[in-house]
Amino acid sequence: MAAELIDLEIHINGDNIFFLNQRIVSAYSIKLNKMIKQAKKNTQMRKSPILIEFDRFPGGPDGFELIMRFCYNYGGIFISTSNVSVLHCAAIFLEITASKRSIVLQTDSFLEGMFEWSWNDVVICLKSCESVFEEADPCGLIDKLIFSLLTKIAQNTDNTITGCSSSSSPENVGLDGKNGHVCSVYYNGNVMGKNRAWWFDDLSNLSPKIIEKMIKSLGAYGSDNNSLVLTRFLLHYLKIAGGALSQNRGLSLNHSLYTGLADTAVYGVMLMGKTAFSCRGLFWVLRTVTNFRLSESCRSGLEKLIGSMLDQAKLDDLLICGRDGIAGGGGGAAGGGRGGGVYDVSLVGRLVRVFVGSEGVSVERLRKVGWLMDQYLGEISPDMNLKVSKFMGVALSLPDVARDCFDGVYRAIDLYLESHPNVSWEERSRLCRCLNFEKLSLEACKDLAKNPRIPPRIAVEALAAQPAPKGYYYESTSCESPTTTVTTVTGTTTTCSIRNFSNKNTTSKGDGNEIVVYNGAKDVESIVEENEGLRINIEKMQWRVMELEKMCREMKGQMSKLVMRQRPLPNRPSPRLC
């Protein structure tokens, strides 16, 4: 008896198998009845169960089980907001429409009352449509639910979604509630979401397909987005999605589903611009959307907006992680982390170039960015994966006028060389070309001269480029004024006339052939000692250069001898025996 009842085997999506009775399912499903009759004509073993396969059944195995419960319960089933969409789509797929107790008629009657549902019921029903989206969308079910959802938002919100709202955004980037004007309040991660719109969190649980359809129904998708409210919601939605991705790294996430939403959010940000977003807020936006493969045009526009405000940035704003790192939050740094190590150094270089190329950039703003870049170079220097070219790209991205002093750049170079002991001497010399030796302080120059990580020739150049200390005055002359040979801090000698513009005694020290001119601003002995110390350092550097050149010649000679010894002898014919 049991064997006769189980005469139908149905495979759902290749994973689940259902053993059913042909008579029961045929009584309700027109589609299954036709498939069973066709299978009986084709099979030779009529007593064996008929096999039917469905590769993409609406709602998957759960949806099929739900509709089979309806059939086995003789047309009776409890319909709720959580299962009505699956039942409706599965019934249409199996063509369960002929009987008086048709499930399609029952679900249609239930859905007619959706405008009387509570907010949570509408959200739950929309959530259940995710598993049957391909079937629910053509029949208009999702459109009806979205319209009901937007109606409830409008009924409980002062302003429309497509207009400017007075409520604060989840990123504290909003409008002044009193006069409706845009205010610049930057994002602060500690107070995020304090005054976000009441519906943000509930809709953040919906799939990107449903959110995209909702945005399109409002006519605000892509470059058509002119709503600050929708922009703030999308940023909040993408932040939640990015957080779920980082917590479940093994979870597969189709980034392309979010690309359109990320572009839409960025278009809104670019439209509002500096009036609604501070520099820190824009960096937060960049961190949020960078995980979702932003289009090149949107990325470029966002970087231009951030770059024009770079003088307002802080060091932690720039610490955006690259592809190889985990710093700063937000991943893959704006698409340029290859070869940059932990931080997205390429992004920072692009932002600096945008800032320098902006119109009306004053020297004061340039120097703010110069000081910021010195801090940034010091922060990224210890990164073991940071390439020399990346470091130099940031160091050389600013004009010389942006820095009054290059001590910060020198400290960053020293830290980089300390963290990268295998850098060749050639690359060390290239790194040091980032320095303007004339803008190095005397203390930094002395440290450079003693630094074993700096190539000797660079040290000599740095010392030679140091200007004469205040208090010295040299003037080349060809007149009859008293002349003498003067030794400068560069170690060179020249014939000069001796003058004193401070009306103080001119002091000389030496054997009469050398003289140092002094205007009384410092102690004479300290000036002489300073001069002598610099001269000794230069001589030491020159000696080191000579020694290194000598060692290099010796090593080349040894290498050539070694190569000659290892060279194989030419093949010679063996001697003939008489």
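So, how was this worked out
Residues numbered from 1 in each chain as written. Predicted model: local features only at pLDDT ≥ 70, side-chain atom pairs only at ≥ 80, totals over all residues. Heavy atoms only, no water. Pairing = 2+ DSSP bridges. Helix = DSSP H or I, 4+ residues; strand = E, 2+ residues; numbered from the N terminus. Axes fitted to C-alpha atoms, helices over the stretch in contact; angles between N-to-C directions. Contact = heavy atoms within 4.5 Å. Salt bridge = Lys/Arg side-chain N within 4 Å of Asp/Glu carboxyl O. Buried < 20%, exposed > 50% of the residue type's maximum accessible area, 1.4 Å probe, protein only.

Draft legend 1. Representation of the sheet that holds strand 1 (residues 8-12) in the model. If you walk across this open sheet you meet the three strands as 2-1-3, and the pairing is mixed. Each edge of the sheet is formed by a strand with only one pairing partner; in this case those strands are strand 2 (16-20) and strand 3 (50-54). Strand-to-strand twist across the sheet, computed as the mean angle between neighbouring axes with direction ignored, equals 20 degrees. Sheet topology note: the strand 1/strand 2 ladder contains five bridges and is antiparallel. Each bridged residue has a counterpart across the sheet, and for His11 the counterpart in strand 2 is Ile17. In the packing of helix 3 (residues 30-42) onto the sheet, the strands contacted are strand 1 and strand 3, and the crossing angle to strand 3 comes to about 130 degrees.

Draft legend 2. Region of interest: the pattern of salt bridges. Applying the stated criterion to the full structure yields 15 salt bridges. Note that Arg365 is salt-bridged to Asp311, the shortest N-O span being 3.0 Å. Residue Arg365 is located in helix 18 (residues 363-380), and its partner Asp311 is located in the loop between helix 15 (296-307) and helix 16 (315-318); the two are separated by 54 residues in the primary sequence. One salt bridge in this structure joins Arg403 and Asp374, with 2.8 Å as the shortest N-O distance. Of this pair, Arg403 sits in the loop between helix 19 (388-395) and helix 20 (407-419) while Asp374 sits in helix 18; the two residues are 29 residues apart in sequence, bridging distant segments of the chain. Given the relative accessible area of 15%, Asp374 is considered buried. Connected through salt bridges with shared partners, the residues Asp137, Asp143 and Lys213 form a single ionic network.

Draft legend 3. Focus on unusual backbone geometry. In the Ramachandran plot, Tyr74 falls in the positive-phi region, its phi being about 55 degrees despite a non-glycine side chain. A relative accessible area of 59% means that Tyr74 is categorised as exposed. Notably, Glu95 is not glycine yet its phi reads approximately 60 degrees, a positive angle. Among the secondary structure elements, Glu95 is positioned in the loop between helix 5 (84-94) and helix 6 (103-111).

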